[in-house]
Amino acid sequence: MVEIPRVSVSGLRISYDLGVLTHDMLAQNPFEQFGVWFDQAVDSQILEANAMVVATVGLDSEGNPRPASRTVLLKDFSESGFSFYTNLESAKSLDIAANPNVTLLFPWYELHRQVIISGRAQLVPRNLVEEYFHSRPRQSQLGAWASRQSAPLENREVLDAQHAECELRFAGLEVIPVPEFWGGWQVVPDRIEFWQGRESRLHDRFVYELHNDSIWYPTRLSP
Ligand SMILES: Cc1cc2nc3c(=O)[nH]c(=O)nc-3n(C[C@H](O)[C@H](O)[C@H](O)COP(=O)(O)O)c2cc1C
């Protein structure tokens, strides 16, 4: 039997009134603008300000394009791109290897803000992967070894056994090697949109796009 919700879903709404975004307020380029908003998101102490939804395009069983999305953590950003780390044999990595076009979405609901970054993903150079992997807690390093991310698992015990096996395997080693199947993707953007919620659903939206491969130019979009 379907349970009747106790709250009216259609009635859930808040008004967006925390700020405005005008052309004058925008930074010269979207990386600076992202930096300003990212710092504000971290300072506001919202949960996991660096969490972002990565959308990829894969193929369904009939070979038609099919989007998929999931949350990952942003680990670095600069004018070169936005990076995250993951299993290179995971569903998302297989999607990206076949089609590098992705979007990254930061849902900063508490700030009535959203940032959407579109671009092409490329592998993070191996020396940076090594550096980041070894900065992680030992247990996370073992976790990377223990999980064949996205593959079916018989039950929880199998995963725990794989983890125990990795603990034994690397027990005497101070430095755990980086699994070949683990790495990072750096998204090189060509479009970055900043959304600030406003009253009456008349939000402020600006999209920076790259012109002539060199100049970023912001355009206001209808909400
Ligand atoms: C808050 C949060 C942060 C996450 N961070 C990562 C991450 O940095 N890297 C990663 O591979 N998976 C991360 N995950 C798990 C992914 O959402 C996803 O389940 C996993 O990567 C497998 O995705 P795929 O099968 O589509 O490849 C995170 C999940 C959440 C909810």
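Notes on the structure follow. (Residues numbered from 1 in each chain as written. Predicted model: local features only at pLDDT ≥ 70, side-chain atom pairs only at ≥ 80, totals over all residues.)

1. Notes on the pairing of strand β1 (residues 51-59)
Piece 1. Sheet analysis places β1 next to strand β2 (residues 65-73), joined by 9 bridges and oriented antiparallel. Each bridged residue has a counterpart across the sheet, and for Thr 56 the counterpart in β2 is Ala 68.
Piece 2. Between the antiparallel neighbours β1 and β2 lie 5 residues, among them Gly 63 with a positive phi of about 85°.
Piece 3. Inspection of the sheet shows β1 paired to strand β5 (residues 101-108) by 3 bridges, in the antiparallel sense. Across the sheet, Val 53 pairs through a bridge with Leu 105, a residue of β5. (Pairing = 2+ DSSP bridges. Helix = DSSP H or I, 4+ residues; strand = E, 2+ residues; numbered from the N terminus.)

2. A closer look at the site of the ligand
Piece 1. Taken together, 16 residues lie around the ligand, and Arg 70, Thr 86, Ser 90, Lys 92 and Ser 150 are the ones closest in.
Piece 2. Looking at the shell around the ligand, the elements with two or more residues in it are β2, β4 (81-87) and α2 (91-98).
Piece 3. Broken down by element, the residue count for the shell around the ligand peaks at 5 residues, all from β2.
Piece 4. Grouping the amino acids of the shell around the ligand by side-chain chemistry returns 7 nonpolar, 6 polar and 3 charged. (Near = placed C-beta within 6 Å. Nonpolar A, V, L, I, M, F, W, Y, C, P; charged D, E, K, R; others polar.)

3. Brief notes about the nonpolar core
Piece 1. Judged by nonpolar contacts, the single largest core of 27 residues is most densely connected at Val 102, Leu 104, Val 115, Ile 117, Trp 185, Val 187 and Phe 194.
Piece 2. Of all the elements in the fold, those that place two or more residues in this core are α1 (30-43), β1, β4, β5, β6 (113-123), β7 (182-196) and β8 (204-211).
Piece 3. Apart from the residues lying within four places of it in its own chain, the contact partners of Val 187 are Gly 81, Phe 82, Val 102, Leu 104, Ile 117, Gly 119 and Ala 121. (Core = buried A, V, L, I, M, F, W, Y, C linked by C-beta atoms within 7 Å. Buried ≥ 20, exposed ≤ 12 C-beta atoms within 10 Å, placed from the backbone. Contact = placed C-beta atoms within 7 Å.)

Honestly, it's all geometry; don't read function into it.
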